[in-house]
Amino acid sequence: MKGICVGMGRRGRSWYKWAQDAGLEVVGVVDINRSILDASCDEHQIPESMRFESIGDAVKGTGAEVATVCAANPDHAACLTQCLDAGVHVIIEKPMVETPEDARMIDLKAREMGLTVAVAQNYRFSPEMRTIREAILRGEIGEIVSVQVTFHRWRPTQGLYLPLLMNQSIHHFDAIRWILDADPDWCFAKSFNPHWNECDGPTVVEAVYGLSNGVVATYSGSYVTQGKNTSYSGSWRVEGSAGQLTFAGSDKDNPVVLSRRDPEEQMELSLLTGDMAGPAQVCREFLNAIENGKRPPTNSADNIKSLSMCWAADVSSRENRIVNFDEFV
Ligand SMILES: NC(=O)c1ccc[n+]([C@@H]2O[C@H](COP(=O)([O-])OP(=O)(O)OC[C@H]3O[C@@H](n4cnc5c(N)ncnc54)[C@H](O)[C@@H]3O)[C@@H](O)[C@H]2O)c1
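Now for a look at the structure at hand. Every chain is numbered independently, its residues counted from 1 as its sequence is written. It should be noted that, the model being predicted, local features are given only for residues of pLDDT at least 70 and side-chain atom pairs only at 80 or more, the latter also being counted only at that level, while totals for whole chains, interfaces and linings use all residues. The side-chain figures draw on all heavy atoms in the structure; neither hydrogens nor water molecules are used.

Another point: the pattern of salt bridges. By definition here, a salt bridge exists when the distance from a side-chain nitrogen of Lys or Arg to a carboxyl oxygen of Asp or Glu is within 4 Å. As enumerated under the stated definition, the model contains 26 salt bridges in all. Residues Glu239 and Arg237 are paired through a salt bridge, measuring 3.8 Å at the closest nitrogen-oxygen approach. The rule is simple: take the accessible area with a 1.4 Å probe, protein chains only, and divide by the maximum for that residue type; under 20% is buried, over 50% is exposed, in between is partly exposed. Here Glu239 falls in the partly exposed class, since its relative accessible area comes to 26%. A salt bridge links Asp275 to Arg284, with the nearest nitrogen and oxygen atoms 3.4 Å apart. Note on Asp275: relative accessible area 60%, which makes it exposed. Residues joined in a network through salt bridges with shared partners are Arg34, Asp38, Asp42, Glu48, Arg51 and Glu53.

Right, dumping it as structure tokens:
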């Protein structure tokens, strides 16, 4: 399948390789910034004939059927609109878009045009999340009661909208839904920016979610920790009627551990590793789905449910109330 890679900035340069690893025949690359376009193309030895400064020109000039998009968050809605108008299926970096209005607009537009929008929620495809999901599906810890995820790092957030929620928590929320095969029902949250830091906020989120299968998920996240970092994956605990799954984070080869109280046992689970990097895997799922006329697992409608966990935390905190998810669907 022929495709173009849009956005050749810091992460976009890697997308050029991930898209090829996933099986895409990359026939064009696009960046509205000529110097970034040329610098990244020179680095990858991409010929002049494959370089474009607009999505429309690239699709016209190459006959591409799909696009990968790796632009900065505020540019996502415009890039998606341009791709759909040009008639191509798209996989875009997270967050799909920043607002519920844009999410609904893009999802509707894609459906009306018979095109697919998918989101590169690569954390879902990490060996640890796949291992936890499979263990839950096998019934290793029985009926699930609760999930706890903690994430604490220092990251300056100047200029970002809902920085922690939109840049980091979106991965964790999407993974919570994925491992449990459940959607959020309600949320109560406090999301704020501690007065002593100069970052744009909210940088801290403390949230509780009720999920459609009765599980309660608690989330504790911070971009302004003054102490020890967790890994980007966060630290996980899943409690069930027959045991517990824990994972302390992906930075130190931490294992996924299954433990039971009675009879007492503790074992490290073998990780379900993939054959390529997470973004390439999520791109391959997208391409397979397009080729087989199916919806990819991280399609726009599905992603709105993960994004809603971000928006709900924000609304709940600002309005000091429990937020019901039918407000966002
Ligand atoms: N999944 C992950 O773990 C992960 C990690 C890091 C970043 N990201 C995401 O990657 C995205 C990009 O981040 P970055 O640091 O590479 O950004 P960046 O600012 O370095 O690069 C974005 C590029 O997109 C180009 N661009 C903007 N609008 C365009 C358009 N209409 N057509 C063509 N090109 C356009 C810009 O000129 C720029 O070169 C962000 O959305 C971020 O959230 C995801």
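In this scheme Phe, Tyr and Trp rings, the latter by its six-membered ring, pair at centre separations within 6.5 Å, and the angle between planes marks the pair as stacked below 30 degrees, edge-to-face above 60, and tilted otherwise. Following the criterion strictly, the structure yields nine aromatic pairs and no others. Measuring from ring centre to ring centre gives 5.7 Å for Trp15 and Trp18, while their planes differ by 85°; the resulting arrangement is edge-to-face. One end of the pair, Trp15, and the other, Trp18, are both in helix H1 (residues 12–21), three residues apart, so they sit about a helical turn from each other. According to the relative accessible area criterion, Trp15 is buried, its value standing at 1%. Centroid distance Phe151 to Tyr223: 5.9 Å. Interplanar angle 70°. Geometry classified as edge-to-face. Linking Phe151 in strand S7 (residues 144–152) with Tyr223 in the loop between strand S10 (216–222) and strand S11 (235–240), this pair joins segments that are 72 residues apart in sequence. Tyr223 sits in the buried class, given a relative accessible area of 1%. Through a chain of ring-to-ring contacts, the aromatic side chains of Phe173, Tyr209, Tyr219, Trp311, Phe325 and Phe328 assemble into a single cluster. Elements are defined by DSSP. Helices are runs of H or I of four residues or more, strands are runs of E of two residues or more, and each kind is numbered from the N terminus.

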